[in-house]
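Residue-level structure breakdown
What follows is each chain in one-letter form.
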Amino acid sequence: MESTFNIGHLLHLLLLVLLLTFSPVSESNQFCDAGAGYGEPACGISSSSSPSKILIKGGTVVNAHKQEVADVYVEDGIIVAVKPNIKVGDHVTVLDATGKFVMPGGIDPHTHLSFEFMSTETVDDFFSGQAAALAGGTTMHIDFVIPVDGSLTAGFEAYEKKAKKSCMDYGFHMAVTKWDEVVSKEMEIMVKEKGINSFKFFLAYKGALMINDELLLEGFKKCKSLGALAMVHAENGDAVYEGQKRMIELGITGPGGHALSRPALLEGEATSRAIRLAGFVNTPLYVVHVMSIDAVEEIARARKKGQRVIGEPVAAGLALDDSGIWDPDFVTAAKYVMSPPIRASGHDKALQAALSTGVLQLVGTDHCSFNSTQKALGIDDFRKIPNGVNGIEERMHLVWDIMVESGQISVTDYVRVTSTECARIFNIYPRKGAISPGSDADIIILNPNATVEITAKSHHARSDTNVYEGRRGKGKVEVTIAGGRIVWENDELKVVRGSGKYVELPPFSYLYDGIDKAEAKYLSSLQAPVKRFKSTA
């Protein structure tokens, strides 16, 4: 028996060597797909973890407030100088950016990596998802920590472990799914000790993540006292639940039932309610994944009145309409299932217009990717299809092609909506979101004349589908520098597992400027208590 085991073991090792030697991964450019082991050559992992000395010459340096032709010199992971004709010595990597744009790396404010949801877990973890992001020009993201049985501390500890394999910088938001004194105290700890400055409240997903208005008000008040930003997923969860039952009763069980069960008016209602309750408390509000005209109108109305409301469209909402969800092929249709759903044609154009005019301020992705096998959990019942689409790799290219190439926004606005505004809102500017001396060396070089085609075969995430399949557009990120390392060049990834750093997000961003004065003005305006004589009757 002993000799039989050894022969079998040797045969197994030989087969493994052959598989690694002739791995098909490199042929498809798939980055570390589910069958490839981390640390193998096919995964594109760099053996060097040291930042380089880098000189980027002759490019047009673009920040949110200006653009100029200049060189950029990087050393030890930090931008040292931005000016014309920089002279350097030996042992410096020189990149020629003539005719190209040199910009801050993208910051994605909305992702879900290693997210346990709807009886499964997202296919991208903190390594594969971040690697894909780097290939697309995003150098930082902010992921959502989900509490464990309502505990923020347990949730944070779980995500700390998940993020140990990170290959780029990241931060955390925190979801709040229940309310008591323990949660209230944990919110303080998250802000004061753990580097979290934002808390998300789900008005949807009844029976799972959804909270009621009483909890929402308590959460808003606590956010205000801590200088943290309140965030909402705005759909009326009770009405969605009724809509789902209605579709099932009508026999509409396919992916189309998902969209029909949660129409835009329910997004508009929840957006309106959250905005009014935030106004009642007098705290800033961030509305995640704005997907409809209905929600845009509520945000525009509030901002016109001076209320501090941030609206975040996502790449899918800007780029797609709901036609895909009606595809007769289940695999194709199911890949488009997300919440709020991708809307009918016309909503996409309205979201683009709102972004170009400043009604919406920055672009996320809600990257929450599942493969076709996972999506098939709901083949007989759309309510069981895991909600989520890809986008962490595609966002920068999509926004450039849709918004800049069409003339809807300028190149400086592009930097603002993909990087700088996120850094400002979450209080890490100018460390992030800027090409300036002292800023982190998170940089991309974008060639406006090159083209990109998006396919599941060539993308670097783990999903076997892509909601932007076959889309071609102008503007290509040719080089990505993260933390002073060249991690994407010549269509090759060279990333370092574990090199990503957790970025703490301080409270009291610019959104809180003047809030105390507005509060004092409100209190002084109150004509109460009124002194009255007691009745003698």
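Given the structure is predicted, the values throughout are model-derived calculations rather than measurements. (Residues numbered from 1 in each chain as written. Predicted model: local features only at pLDDT ≥ 70, side-chain atom pairs only at ≥ 80, totals over all residues. Heavy atoms only, no water.)

Moving on to the sheet that holds strand 10 (residues 169-175). Read across the sheet, seven strands follow the order 6-9-10-11-12-13-14 without closing on themselves; strand pairing throughout is parallel. Taken across any chain shown, the strands that pair with only one partner, and hence form the sheet edges, are strand 6 (106-111) and strand 14 (309-311). Taken over all neighbouring pairs, the strand axes of this sheet differ in orientation by 25 degrees on average, direction set aside. Direction of pairing for strand 12 (residues 229-233) relative to strand 13 (residues 285-287): parallel, over a ladder of three bridges. Bridging across to strand 13, Ala230 finds its partner in Leu285. (Pairing = 2+ DSSP bridges. Helix = DSSP H or I, 4+ residues; strand = E, 2+ residues; numbered from the N terminus. Axes fitted to C-alpha atoms, helices over the stretch in contact; angles between N-to-C directions.)

Note: strand 1 (residues 54-62) against strand 2 (residues 67-75), seven bridges, orientation antiparallel. Paired with Thr60 across the strands is Val69, a residue of strand 2. Adjacent in sequence and paired antiparallel, strand 1 and strand 2 are bridged by four residues. Alignment of strand 2 against strand 3 (residues 78-83), held across five bridges, turns out to be antiparallel. Bridging from a neighbouring strand, Asp71 pairs with Lys83 of strand 3. Hairpin connection of strand 2 to strand 3: two residues between the antiparallel strands, including Asp76 at a positive phi of 55 degrees.

Looking now at the confidence of the model for the protein. Here the protein shows a mean pLDDT of 91. Residues at 70 or above account for 90%. Ignoring residues within four places in sequence, the model shows residues 1-31, a span with pLDDT below 50, making 26 contacts including any to other chains. Long-range and interchain partners of residues 33-43, a stretch whose pLDDT sits below 50, account for 18 contacts in this model, where long-range means more than four residues apart. (pLDDT = per-residue confidence, 0-100. Contact = heavy atoms within 4.5 Å.)

If a probe as big as a water molecule is rolled over the atoms, it shows which places are left empty. Scanning the entire structure with this criterion turns up six cavities of 30 Å³ or more. Of the pockets and cavities examined, the largest cavity occupies roughly 110 Å³. In this structure, the largest cavity is lined by 15 residues; those nearest its centre are His112, Phe117, Tyr205, Ser339 and Asp366. (1 Å grid on protein atoms, 1.4 Å probe; cavity = no way out; pocket = protein on both sides within 12 Å on 5 of 7 lines; lining within 4 Å. Points joined across faces, edges and corners; volume = space filled by probe spheres on them.)

In this model, helix 7 (residues 237-249) (13 residues) spans 18 Å end to end at C-alpha, consistent with the 18 Å of a helix rising 1.5 Å per residue. Restricting attention to buried positions, one finds in helix 7 the residues Gly237, Val240, Gly243, Gln244 and Met247. One side of helix 7 carries all its buried residues, which in axial view fall inside an arc of 110 degrees. For helix 7, the exposed residues set more than 90 degrees away from the buried face come down to Arg246 and Glu249. Taken together, the buried residues of helix 7 touch helix 8 (255-261) and helix 9 (264-281). Phi turns positive, to about 80 degrees, at Gly251, one or two residues after helix 7. (Expected span 1.5 Å × (residues − 1). Buried < 20%, exposed > 50% of the residue type's maximum accessible area, 1.4 Å probe, protein only. Arc of directions from axis to C-beta.)

Moving on, we come to the packing of aromatic side chains. Across all of its chains, the model carries 17 aromatic pairs by this definition. Judged by centre distance (5.9 Å) and plane angle (85 degrees), the ring pair of Phe156 and Phe172 falls under edge-to-face. You can see Phe156 sitting in helix 4 (residues 152-162) and its partner Phe172 sitting in strand 10, a full 16 residues away along the chain. For Phe156, a relative accessible area of 3% puts it in the buried group. Using a relative accessible area of 1% as the deciding quantity, one classes Phe172 as buried. Members of the aromatic cluster, each reached through a chain of ring pairs, are Phe126, Phe156, Tyr159, Tyr170, Phe172 and Tyr502. (Phe/Tyr/Trp six-rings, centres within 6.5 Å; stacked < 30°, edge-to-face > 60°.)

Applying the stated criterion to the full structure yields 29 salt bridges. Ionic pairing is found between Glu188 and Lys192, a salt bridge with its closest N-O pair at 3.7 Å. Residue Glu188 and its partner Lys192 are located together in helix 5 (residues 181-193), separated by four residues, close to a single helical turn. Exposure remark for Lys192: the relative accessible area of 61% places this residue in the exposed category. In this structure, the salt-bridge partner of Lys206 is Asp238, at a minimum N-O distance of 3.1 Å. With a gap of 32 residues between them, Lys206 in the loop between strand 11 (198-202) and helix 6 (213-226) and Asp238 in helix 7 connect regions that are remote in the sequence. Each of Asp169, Arg431, Lys432, Asp440 and Asp442 takes part in salt bridges that share partners, so that together they form one network. (Salt bridge = Lys/Arg side-chain N within 4 Å of Asp/Glu carboxyl O.)

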